[in-house]
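Listed below, chain by chain, are the residues.
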There are 2 protein chains.
Amino acid sequence: MKAKVYVTIKENVLDPQGSAVQGALHTMGFEEVGKVRIGKYLELNLNTSDRAEAEARLTAMCEKLLANTVVEDFRFELEG
Amino acid sequence: MKAKVYVTIKENVLDPQGSAVQGALHTMGFEEVGKVRIGKYLELNLNTSDRAEAEARLTAMCEKLLANTVVEDFRFELEG
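Residues numbered from 1 in each chain as written. Chains lettered and ligands numbered in written order. Predicted model: local features only at pLDDT ≥ 70, side-chain atom pairs only at ≥ 80, totals over all residues. Heavy atoms only, no water.

Looking at an unreviewed UniProt entry, chain A carries the name Phosphoribosylformylglycinamidine synthase subunit PurS, with the source organism given as Paenibacillus lycopersici. Turning to chain A, the UniProt record has this under Subcellular location (unreviewed entry): "Cytoplasm". For the record of chain A, the UniProt heading Sequence similarities (unreviewed entry) holds the text "Belongs to the PurS family." (UniProt positions renumbered as here; feature names shortened; annotations may be inferred.)

Participant: Lay out the pattern of salt bridges with the relevant residues and their values.
Facilitator: If charged atoms from side chains of opposite charge come close, those side chains can pair. Residues and elements named next belong to chain A. Across all of its chains, the model carries eight salt bridges over all chains by this definition. Where Lys2 meets Glu43, a salt bridge forms, and the shortest distance between an N and an O atom there is 4.0 Å. Taken together, the positions of Lys2 in strand E1 (residues 2–9) and Glu43 in strand E2 (residues 33–46) put the pair 41 residues apart, joining distant regions of the chain. On the accessibility criterion, Lys2 (32% relative accessible area) is partly exposed. Across the pair Lys4 and Glu79 runs a salt bridge, and its minimum N-O distance is 3.2 Å. Placement of Lys4 in strand E1 and of Glu79 in strand E3 (residues 72–79) is noted, with a sequence separation of 75 residues between them. For Lys4, a relative accessible area of 16% puts it in the buried group. (Salt bridge = Lys/Arg side-chain N within 4 Å of Asp/Glu carboxyl O. Helix = DSSP H or I, 4+ residues; strand = E, 2+ residues; numbered from the N terminus. Buried < 20%, exposed > 50% of the residue type's maximum accessible area, 1.4 Å probe, protein only.)

Participant: Tell me about the interface of chain B and chain A, and name the residues and values.
Facilitator: The partner chain A presents 33 residues to the 33 residues of chain B that form the contact. Approximately 2,900 Å² of surface area, both sides summed, lies buried where chain B meets chain A, with 63% of it carried by carbon and sulfur atoms. On the chain B side of the contact with chain A, Phe30, Glu32 and Tyr41 of chain B bury the most area, a combined 22% of that side's loss. At the surface where chain B touches chain A, the tally comes to two salt bridges. Measuring nitrogen to oxygen at the nearest pair gives 2.8 Å for the salt bridge that ties Glu32 of chain A to Arg57 of chain B. Taken together, the links from chain B to chain A amount to 14 residue pairs in polar contact (both at pLDDT 80 or more). Elements represented by at least two residues in the side of chain B that touches chain A include exactly strand E1 (2–9), helix H1 (16–27), strand E2 (33–46) and helix H2 (51–66) of chain B. Sorting elements by how many residues they give to the side of chain B that touches chain A places E2 of chain B first, with 14 residues. Sheet topology note: the E2 of chain A/E2 of chain B ladder contains 11 bridges and is antiparallel. (Contact = heavy atoms within 4.5 Å. Buried area = accessible area lost by both parts, 1.4 Å probe. Polar contact = N/O pair within 3.5 Å; in protein donor to acceptor, adjacent residues only side chain to side chain. Pairing = 2+ DSSP bridges.)

Below, the structure written as structure tokens:
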């Protein structure tokens with residue numbers, strides 16, 4: 001089973017990396033770019049076939065390691 | 001218009017960050033985790049309504065700044 005995990009900075013938390021990229025894009029002439037938010041995208045292979053268990057285990061992985069839930073949100077998709 | 005950009009490390013390129021996360025997950029008891037690949041996920045607001053132009057401009061942004069096309073692939077989705 002394959003999992004795609006998206007970790008994003010919460011809406012009301014500052015994203016200095018995103019602001020820097022926005023500034024760089026403006027400097028390069030991409031003036032149409034508004035707000036930029038940068039997160040993480042993870043692909044995990046899971047050696048399990050139980051979807052419900054995989055979802056519970058993935059939630060635990062995100063809460064314990066993959067995301068800092070104080071300032072980040074996460075969501076995931078399971079395939080296969 | 002909102003763009004979601006996914007930047008991933010190419011399949012045949014080593015991902016030491018992913019290996020480290022895989023090792024950490026194993027240490028924490030998540031033994032079902034196989035290969036882990038870590039990429040970037042960006043959300044951009046674009047002040048334009050021309051979808052074709054937005055796609056061309058986004059491709060240019062990815063090639064020039066957002067992705068290192070030597071070792072990374074990118075793809076994006078446009079909404080709105």
